[in-house]
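Each chain is listed here by its residues.
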Amino acid sequence: MKIDKILEYQKVDMEFIKLEEDMRKSEEYQKYLAYQNERKRAVEEVIRLNSITEEAFSSFAGVDAQYQEAVKEIEELSKHVNDNAQDDELDYYSKQLDKYTTVIENYEKELSRLKAELGQIQSKFKAEMDSASKAGALEKSYADKFNKLRESKMAIAKELDVKKKAIAKDVDPQLMAIYLDARKRGKKPVFVPYNKEGHACACGIEVDTNIRDKMDAGVPYIECPNCGRIMYNK
Ligand SMILES: [Zn+2]
């Protein structure tokens, strides 16, 4: 029968798919992915901490500018204070000095806040750098282990590939096109036997009378309207 060859091809292809799935599920690959994610997370955190540091400095820059301005004004003011100053002038100087005191106090407060914040950031930064470096080393080690595993399976993969190519030569091109299209849509397997007694596809759905009649009449294959696989008559 025409369909036999594609079924043969599918059998080998399924072995190939299983090999690939086993590789993806392997501890080596899963750990490689987990450590890669951990490294990426830590690196992103380092970048985030860096931008928080920049923000902290830039918000402090405003306080610093006010402070520098106050220092200049105090210097100017002290030049004008002399022994002959009148009461109202002294009152003005006193008020100005109060203002500068507030600026200086604010500067000190903000500076100590900045120091505390930077201290916290620094310890987080160090911890994240450590995490990134440890995760990076383990990621590389599991990548190496996974590559070894892959190499060890390479001979089997090649063998299956040779088999597939040999069978493919005898597969009806139309069936091959149907097969490859359904594989692209993620169907594993593509061709499933039609259950004549239950009038059902392998996915369990009972097909309507239209499809049932065609299958009973000996149509070789029909796409299942439920799962998109190709039902074939055994
Ligand atoms: Zn189905």
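Structure: above.
Summarised in this report is the structure supplied together with it. Only a predicted model underlies this, so the values are computations on that prediction, with no experimental measurement involved.

Here is what the cut-offs are and how they apply
Residues numbered from 1 in each chain as written. Predicted model: local features only at pLDDT ≥ 70, side-chain atom pairs only at ≥ 80, totals over all residues. Helix = DSSP H or I, 4+ residues; strand = E, 2+ residues; numbered from the N terminus. Rg over C-alpha atoms; globule rule 2.2 N^0.38 Å. Buried ≥ 20, exposed ≤ 12 C-beta atoms within 10 Å, placed from the backbone. Core = buried A, V, L, I, M, F, W, Y, C linked by C-beta atoms within 7 Å. Contact = placed C-beta atoms within 7 Å. Pairing = 2+ DSSP bridges. Axes fitted to C-alpha atoms, helices over the stretch in contact; angles between N-to-C directions. Bend = angle between axes of the 7 residues up to and from the residue. Parallel < 35°, antiparallel > 145°, perpendicular 65-115°, else oblique. Left-handed = near helix turned anticlockwise from the far one by under 90°. Nonpolar A, V, L, I, M, F, W, Y, C, P; charged D, E, K, R; others polar. Expected span 1.5 Å × (residues − 1).

**Quick word on the overall build of the protein**
So, step 1. In terms of regular secondary structure, the protein is built from 5 helices and 3 strands.
So, step 2. Of the regular secondary structure in the protein, the N- to C-terminal order runs α-α-α-α-β-α-β-β.
So, step 3. Whereas a compact globule of 234 residues would reach a radius of gyration of roughly 17 Å, the protein reaches 38 Å, over 25% beyond that.
So, step 4. The proportion of buried residues among the 234 residues of the protein is 10%.

**Re the nonpolar core**
So, step 1. Ranked by internal contacts, the top residues of the largest apolar core, which has 14 residues, are Ile6, Phe191, Tyr194, Ile230, Met231 and Tyr232.
So, step 2. Among the secondary structure elements, those contributing two or more residues to this core are helix H1 (3–25), helix H4 (173–184) and strand S3 (230–232).
So, step 3. Counting residues per element, this core draws most heavily on S3, which supplies 3 residues.
So, step 4. Setting aside anything within four residues of it in sequence, one finds Tyr194 in contact with Cys201, Met215, Met231, Tyr232 and Asn233.
So, step 5. The next biggest cluster of nonpolar side chains, apart from the first, holds 5 residues, and it includes Tyr35, Ala42, Ala135 and Tyr142.

**Considerations on the sheet that holds strand S1 (residues 191–193)**
Strands belonging to one sheet form pairs held by backbone hydrogen bonds; the direction of such a pair is parallel or antiparallel.
So, step 1. If you trace the 3 strands from one edge of the open sheet to the other, you get S1-S3-S2, paired in mixed fashion. Since the sheet does not close on itself, it has two edges, and those belong to S1 and strand S2 (221–223), each with one partner. Within this sheet the neighbouring strands show an average axis-to-axis angle of 35 degrees, counted without direction.
So, step 2. As defined by bridge partners, S1 adjoins S3 across 3 bridges and the pair is classed as parallel.

**Examining helix H3 (residues 87–168)**
So, step 1. Residue Met154 marks the point of greatest curvature in H3, where the axis turns by about 40 degrees.
So, step 2. Within H3, burial applies to Ala135, Glu139 and Tyr142.
So, step 3. Buried residues along H3 sit against helix H2 (27–80).

**Overview of the environment of Leu19**
So, step 1. Inspection of the secondary structure puts Leu19 in helix H1.
So, step 2. On the basis of neighbour counts, which here come to 13 C-beta atoms within 10 Å, the residue Leu19 falls in the partly exposed class.
So, step 3. Leave out the neighbours within four places in its chain, and Leu19 touches Lys153, Ile156 and Ala157.

**Focus: the environment of Val171**
So, step 1. Inspection of the secondary structure puts Val171 in the loop between H3 and H4.
So, step 2. Exposure remark for Val171: the 21 C-beta atoms within 10 Å place this residue in the buried category.
So, step 3. Expressed as a C-alpha distance, the spacing of Val171 and Lys5, which sit 166 residues apart in the sequence, is 5.4 Å.
So, step 4. For Val171, the contacting residues outside a window of four places in its chain are Lys5, Ile6, Tyr9 and Met176.

**Remarks on unusual backbone geometry**
So, step 1. The residue after Lys188, namely Pro189, is reached through a cis peptide bond having omega 0 degrees.
So, step 2. You can see Pro189 is positioned in the loop between H4 and S1.
So, step 3. Its identity is not glycine, yet His199 carries a phi of approximately 50 degrees, on the positive side.
So, step 4. One can find His199 in the loop between S1 and helix H5 (209–216).

**A word on the packing of H1 against H3**
How two helices pack is summed up by the angle between their axes together with the distance between the axes.
So, step 1. The N-to-C vectors of H1 and H3 enclose an angle of 165 degrees; their axes lie 9 Å apart at closest approach. Viewed along their axes, H1 and H3 adopt a mutual orientation that is roughly antiparallel. Judged by the sense of rotation from one axis to the other, the crossing of H1 with H3 is left-handed. Here Lys5, Glu8, Tyr9, Val12, Asp13, Glu15, Phe16, Leu19 and Met23 of H1 lie close against H3, whose contacting residues are Leu149, Arg150, Lys153, Ile156, Ala157, Leu160, Lys163, Lys164, Ile167 and Ala168.
So, step 2. Taken together, the residues that form the contact of H1 with H3 break down as 11 nonpolar, no polar and 8 charged.

**Quick notes on H4**
So, step 1. When the terminal C-alpha atoms of H4 are compared, their 16 Å separation across 12 residues agrees well with the 16 Å that a helix rising 1.5 Å per residue should span.
So, step 2. Two residues or fewer past H4, Gly186 is found with a positive phi of approximately 85 degrees.

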